[in-house]
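# Observations on the model geometry
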Amino acid sequence: MLTMLFDALLGLGLVVAALGALWSRDLFRAVVLFIVFGLLVALAWIRLQAPDVALAEAAIGAGLTGALLLDAIGHLRRTPHPEES
Amino acid sequence: MNRARAYASVALSVGMAVMLGSAVLTREFPPFDLAVDLAEGIPRSGVAHPITAVLLQFRSYDTLLEIAVLLVAVVVALALRDPTPADESSPESVILDSVINTPVLTSLTMTLLPLMTMTAVYLLWAGAFQPGGAFQAGAVLAALGVLWRVSGRRTGPFAANRWSHVALLAGFAGFLAAATTTLLFGRPLLAWPSSYAGVIIVAIETVLTVSIGISLLGLFASAPAPGDERV
């Protein structure tokens, strides 16, 4: 019963995080939600009894990709936008 | 026009769904059970963990090609990098102003350095009998390298120099060497004798860990350096 509840919450959280990452107008918020999404996907892989995939997802999907995206945001913020400024 | 487009996309999605559904429903199940075959093959694979056995023994050809793809990706990323980086010309530690240079991050990185190294080695070793292995250990190493670079260091174990290029190549080169050595003894490609398989797999995974770590870090580090906004 408790695991069913956990799985349902996990599934709901996945969808919410994915939609938030896609639709957020603030890029920083979108990236943070993307990292949250990656960590939740890792949890989902553990629930599916695939800990190997979960480890890779947490490290590469959430960690490294998140770091790269945050780096890209830093560059975007320092570069003046030609159409906005 | 928009309406026609909407109808077309709905028709396409419905058609796709029907085709996918029929493909799943009419699928013929293979007359063998891969899980059973795998369980029977574990004793002669040299390792105890089924995932590692598949990755580096039964389907090692796929892993070899994966490493080659990763190497090509990193080489392309490095080739697209700014040709005049500041970090290779000066031997001393260059700390850029725009790098996050706070005492917290610096000391945290120094604290995490031994811990994450130990975690990577543990994951590598654990891969022989439980979840873990070269990719996971390499990712931990790469994360450590990202911390190292973000905290402003350009030298030390993660500096871009000749040795890092050797480490980048070592994984694929070592794997390829191990794969082709079997040919010299009249065995098929990648077919290691079961008595040596465990040692060979652990050796390959060790080299792969370093290479994968450096490769992933290379993808991160070949982005333009902070403070350099010539885009």
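Rules used in this analysis
- Residues numbered from 1 in each chain as written.
- Chains lettered and ligands numbered in written order.
- Predicted model: local features only at pLDDT ≥ 70, side-chain atom pairs only at ≥ 80, totals over all residues.
- Contact = placed C-beta atoms within 7 Å.
- Nonpolar A, V, L, I, M, F, W, Y, C, P; charged D, E, K, R; others polar.
- Helix = DSSP H or I, 4+ residues; strand = E, 2+ residues; numbered from the N terminus.
- Axes fitted to C-alpha atoms, helices over the stretch in contact; angles between N-to-C directions.
- Parallel < 35°, antiparallel > 145°, perpendicular 65-115°, else oblique.
- Left-handed = near helix turned anticlockwise from the far one by under 90°.
- Core = buried A, V, L, I, M, F, W, Y, C linked by C-beta atoms within 7 Å.
- Buried ≥ 20, exposed ≤ 12 C-beta atoms within 10 Å, placed from the backbone.

## What to know about the interface of chain A and chain B
Between chain A and chain B, the residue contacts involve 15 residues of the former and 16 residues of the latter. Among the residues making up the side of chain A that touches chain B, the classes are represented as eight nonpolar, four polar and three charged.

## Remarks on the environment of A23(B)
Structurally, the position occupied by A23(B) is in helix 1 (residues 2-25). Residues A23(B) and S9(B), spaced 14 residues apart in sequence, show a C-alpha to C-alpha distance of 21 Å.

## A short note on the packing of helix 7 (residues 134-150) of chain B against helix 9 (residues 194-221) of chain B
If you want to describe how two helices pack, look at the angle between their axes and the distance between the axes. Residue and element names in this part refer to chain B. Put simply, helix 7 and helix 9 touch, their axes get as near as 7 Å, and they point 40 degrees apart. Taken together, the axes of helix 7 and helix 9 lie oblique to each other. As for how helix 7 packs across helix 9, the hand of that crossing is right-handed. On helix 9, the residues that touch A134, F135, A137, G138, A139, L141, A142, G145, V146 and R149 of helix 7 are E205, L208, T209, I212, G213, L216, L217, F220 and A221. The class makeup of the residues in the contact of helix 7 with helix 9 is 13 nonpolar, four polar and two charged.

## Section: the nonpolar core
If you look at the biggest cluster of nonpolar residues, it comprises 46 residues, and the most contacted ones within it are A137(B), A139(B), V140(B), A142(B) and A143(B). Looking at this core, the elements with two or more residues in it are helix 2 (27-47) and helix 3 (51-78) of chain A together with helix 3 (50-58), helix 4 (60-79), helix 6 (103-126), helix 7, helix 8 (162-184) and helix 9 of chain B. Ranked by residues supplied to this core, first place goes to helix 7 of chain B with eleven residues. In contact with A139(B), other than residues within four places in its own chain, are A56(A), A59(A), I60(A), G63(A), L64(A) and L216(B).

Nothing here speaks to function; it is all geometry.
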